[in-house]
Amino acid sequence: TGTDEVRVFVALRKFGSSTGMVAEIGASSLTGTGRFYLAAPEDGSEHYSALSRGTAEAVLTLRASTSAAWLAAPHSALLRMHSRISSNITSLLLSGTQYAQATGTQGGGNYANETINIGARNAASPSLFFAGRIASLAIIGGPMTAEQIAVAEALCGADLTFSP
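Here is what the cut-offs are and how they apply
Here the residue numbers are simple positions, counted from 1 along each chain's written sequence. Reporting in this predicted model follows two pLDDT cut-offs: at least 70 for local features of residues, and 80 or more for side-chain atom pairs to be given and counted; totals over whole chains, interfaces and linings ignore these cut-offs and use all residues. As a convention, hydrogens and water are excluded, and side-chain values are obtained from all of the structure's heavy atoms. Only the six-membered ring of Trp is used, alongside the rings of Phe and Tyr, when aromatic pairs are assigned; centres must lie within 6.5 Å, and planes under 30 degrees apart are stacked while those over 60 apart are edge-to-face, with the rest tilted. Numbering goes from the N terminus for both helices and strands, where a helix is a DSSP run of H or I of at least four residues and a strand is a run of E of at least two. With a 1.4 Å probe rolled over the protein chains alone, any residue whose accessible area is under 20% of its type maximum counts as buried; one over 50% counts as exposed, and the rest are partly exposed. Each ring is checked for a lysine NZ or an arginine CZ that lies within 6 Å of its centre and within 35 degrees of its normal; such an atom marks a charge sitting over the ring. Salt bridge, as applied in this entry: a Lys or Arg side-chain nitrogen positioned within 4 Å of an Asp or Glu carboxyl oxygen. Residues adjacent in sequence count toward polar contacts only when both atoms are side-chain atoms; beyond that, a polar contact is any pair of N or O atoms within 3.5 Å, and within protein one must be able to donate a hydrogen and the other to accept it.

Here we come to the packing of aromatic side chains. Note on aromatic pairs: each is described by the distance of the centres and the angle between the planes. Under the definition given, this model contains one aromatic pair. Between Phe-36 and Tyr-111, the ring centres sit 5.5 Å apart and the planes meet at 90°, which makes this aromatic pair edge-to-face. Of this pair, Phe-36 sits in strand S3 (residues 35-39) while Tyr-111 sits in the loop between strand S8 (97-103) and strand S9 (116-118); the two residues are 75 residues apart in sequence, bridging distant segments of the chain. Like Tyr-111, Phe-36 is buried. Against the face of Tyr-48 rests Lys-14, its NZ or CZ located 4.7 Å from the ring centre.

Okay, here's the thing in structure tokens:
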């Protein structure tokens with residue numbers, strides 16, 4: 001990607017509690033350097049989660065809530081993930097409200113120049129399929145102004161209506 005900063009904006013509706021990847025860079029963000037993912041849900045719970053890693057072995061994983069009953073599927077959400085490797089920060093926002101933030105060393109480097117997989121992990125055999133609908137998705141590498149962030153969030157949020 002040539003940058004150490006990424007934002008993912010997505011309007012989605014999840015239908016189940018099996019771990020599903022919304023967006024992930026590379027075959028698996030659990031190995032290699034310069035990786036990120038956004039999962040909905042994560043670890044078979046109702047949580048939304050994000051992960052980011054640079055060259056360091058430390059992996060930042062965060063959850064949107066400690067009590068997830070109100071996130072139970074079916075659940076519609078406007079999510080924004082923001083991560084910057086050099087600042088050691090990854091945050092997850094739900095409908096514009098910061099829900100979780102993780103700090104800790106991610107090392108250095110940029111996000112990998114690899115395929116961004118949408119709706120599943122693309123390892124040797126595809127897995128972790130997202131059970132739901134993605135109405136809109138934007139993945140932006142590099143810095144953004146507050147105005148650009150507001151526009152991206154508004155455009156994705158406009159698609160947050162789903163028919164059953």
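Applying the stated criterion to the full structure yields five salt bridges. Residue Glu-5 is joined to Arg-84 by a salt bridge in which the shortest nitrogen-to-oxygen separation is 2.9 Å. Taken together, the residues span a long stretch of sequence, with Glu-5 in strand S1 (residues 5-14) and Arg-84 in strand S6 (residues 75-84) at a distance of 79 residues. For Glu-5, a relative accessible area of 5% corresponds to the buried category. Here Glu-24 ties to Arg-121 by a salt bridge, and the two come within 2.8 Å at their closest N and O atoms.

So, on to the environment of Tyr-111. Using a relative accessible area of 3% as the deciding quantity, one classes Tyr-111 as buried. The spatial distance from the C-alpha of Tyr-111 to the C-alpha of Arg-84 is 9.4 Å, given a sequence separation of 27 residues. Of note is the side chain of Tyr-111, whose polar atom sits 2.6 Å from the side chain of Ser-52.

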